[in-house]
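Spelled out from the first residue to the last, the chains are:
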Amino acid sequence: MSESRTPSTGPGQQQGATPVGGATRGGRRRRGLLFGALLLAALVVLALLLSQCSGSDPEAGSDPAAQTSQSAGTPSGPASSSPSSGSAAPSSSGAPAGGSAAGGSVETADGRSVLALAAGPDAGTALGGLADQPVTATGARVLSVPADEGFWLGASDAERVWVQLTGEAGESPYQVREGDLVDLEGAVVTHDAGFPAEVGVDDAEGAQQLAEQAAHLTVAKSSVRLSA
């Protein structure tokens, strides 16, 4: 009868044998390393995605109120045109030098406005101070022609000066008419209170004003011409 043998569990155990449970512990270590590598890769990809998103929209973190203010301050329509730096600025009053827009320019050689002085509070003294001075009118309006040899020149009934024509009949190139714009050269001449009656100006035509001004323009007929 043969005897049965029980495997030895002592120091003489066969080399190369794998203890029970050894394969399970090694598999767990490998799975742990693989999971850690995958988690690290996922974190790297997530960081790249976040950096790309933040870089593609530089205004994402800007203040909404500031964006609204910037949008409101920038016109959405075509840019408005600005005057050229070389263009001349319009006159603040629109009036030619030495006179009003309606009355043209009537001034002395040194640039003083005869019409402005004639409309002043002391026209007689002001115009008297211009006695014998040359005067040039440019684009001045003929307000009325109450006499054969004279007419009112200026912008209004308050801002006007009398022009007395001199010279022989037929010397004027044309007949002056109310509303004409004329150019002429003459001189300031003083007169006394009887002058309006002498030249045929009555009260309805401004005799009192002409007497108070105490001066008028004397102009040769040949120098009067229609303004271009």
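Each value, and the rule that gives it
- Residues numbered from 1 in each chain as written.
- Predicted model: local features only at pLDDT ≥ 70, side-chain atom pairs only at ≥ 80, totals over all residues.
- Heavy atoms only, no water.
- Helix = DSSP H or I, 4+ residues; strand = E, 2+ residues; numbered from the N terminus.
- Contact = heavy atoms within 4.5 Å.
- Areas by Shrake-Rupley, 256 points an atom, 1.4 Å probe, with all protein chains shown as cover.
- Core = buried A, V, L, I, M, F, W, Y, C linked by side-chain atoms within 4.5 Å.
- Buried < 20%, exposed > 50% of the residue type's maximum accessible area, 1.4 Å probe, protein only.
- Patch = residues over 30% accessible without salt bridge, like charges linked within 9 Å, V, L, I, M, F, W, Y side chains within 5 Å.
- Salt bridge = Lys/Arg side-chain N within 4 Å of Asp/Glu carboxyl O.
- Phe/Tyr/Trp six-rings, centres within 6.5 Å; stacked < 30°, edge-to-face > 60°.
- Lys NZ or Arg CZ within 6 Å of the ring centre and 35° of its normal.
- Pairing = 2+ DSSP bridges.

Caption draft 1: Highlighting the overall build of the protein chain. Check the secondary structure of the protein chain and you find 6 helices and 7 strands. Listing each helix as α and each strand as β along the protein chain from the N terminus yields α-α-β-α-α-β-β-β-β-α-α-β-β. Residue pairs in contact within the protein chain that sit at least 24 positions apart in sequence constitute 68% of those at least 6 positions apart. Carbon and sulfur atoms form 56% of the exposed surface of the protein chain, whose accessible area is close to 15,200 Å².

Caption draft 2: Molecular detail of the environment of D157. Of note, D157 is situated in the loop between β3 (150-154) and β4 (160-166). Separated by 14 residues in the primary sequence, D157 and L143 have C-alpha atoms spaced 8.1 Å apart.

Caption draft 3: Examining the nonpolar core more closely. Among the nonpolar cores identified, the biggest contains 24 residues, and V106, F151, L153, L184, L217 and V224 are the most heavily contacted of them. Residue assignment for this core shows that the elements contributing at least two residues are α3 (114-118), β2 (134-147), β3, β4, β5 (181-190) and β6 (215-220). At 4 residues, β2 tops the list of elements feeding residues into this core. In this structure L184 touches V135, T136, A137, F151, L153, V219, S223, V224 and R225, once residues within four positions along its chain are discounted.

Caption draft 4: Structural view of a nonpolar patch on the surface. On the surface, a nonpolar cluster with roughly 330 Å² of combined accessible area is contributed by F35, L39 and L43. Checked against the element boundaries, L43 lands in helix α1 (residues 22-56).

Caption draft 5: Examining the pattern of salt bridges more closely. Evaluated as defined, the whole model comprises 4 salt bridges. Close ionic contact of D110 with R112 constitutes a salt bridge, the shortest N to O distance being 3.1 Å. A relative accessible area of 36% means that R112 is categorised as partly exposed. Between D157 and R160 there is a salt bridge; the shortest N-O distance is 3.6 Å. The exposure class of D157 is exposed, given its relative accessible area of 57%. For R160, a relative accessible area of 8% puts it in the buried group.

Caption draft 6: Layout of the packing of aromatic side chains. This model, assessed by the stated rule, comprises 1 aromatic pair. A centroid spacing of 5.4 Å and a plane angle of 80 degrees characterise the contact between W152 and W162, whose relative ring orientation is edge-to-face. Highlighted residues: W152 in strand β3 and W162 in strand β4, separated in sequence by 10 residues. Comparing W152 with W162 shows no difference in burial state: the two are buried. Here the basic side chain of R160 rests over the ring of W152, its NZ or CZ set 4.0 Å away from the ring centre.

Caption draft 7: Main features of the pairing of β5. In terms of strand pairing, β2 meets β5 through 6 bridges, oriented antiparallel. Across the sheet, residue T136 finds its bridge partner in β5, namely E185. Bridge count for β5 against strand β7 (residues 225-226) is 2 bridges, and the pairing is antiparallel. Across the sheet, D183 pairs through a bridge with R225, a residue of β7. Pairing of β5 with β6, which is carried by 5 bridges, proceeds in the antiparallel orientation. Within the sheet, the bridge partner assigned to T190 lies in β6 and is A215.

Caption draft 8: Highlighting the pairing of β2. With 4 bridges joining them, strand β1 (residues 105-108) and β2 adopt antiparallel strand pairing. Following the sheet pairing, S105 is matched in β2 by T138. A loop of 2 residues connects β2 with β3, the two strands running antiparallel in sequence.

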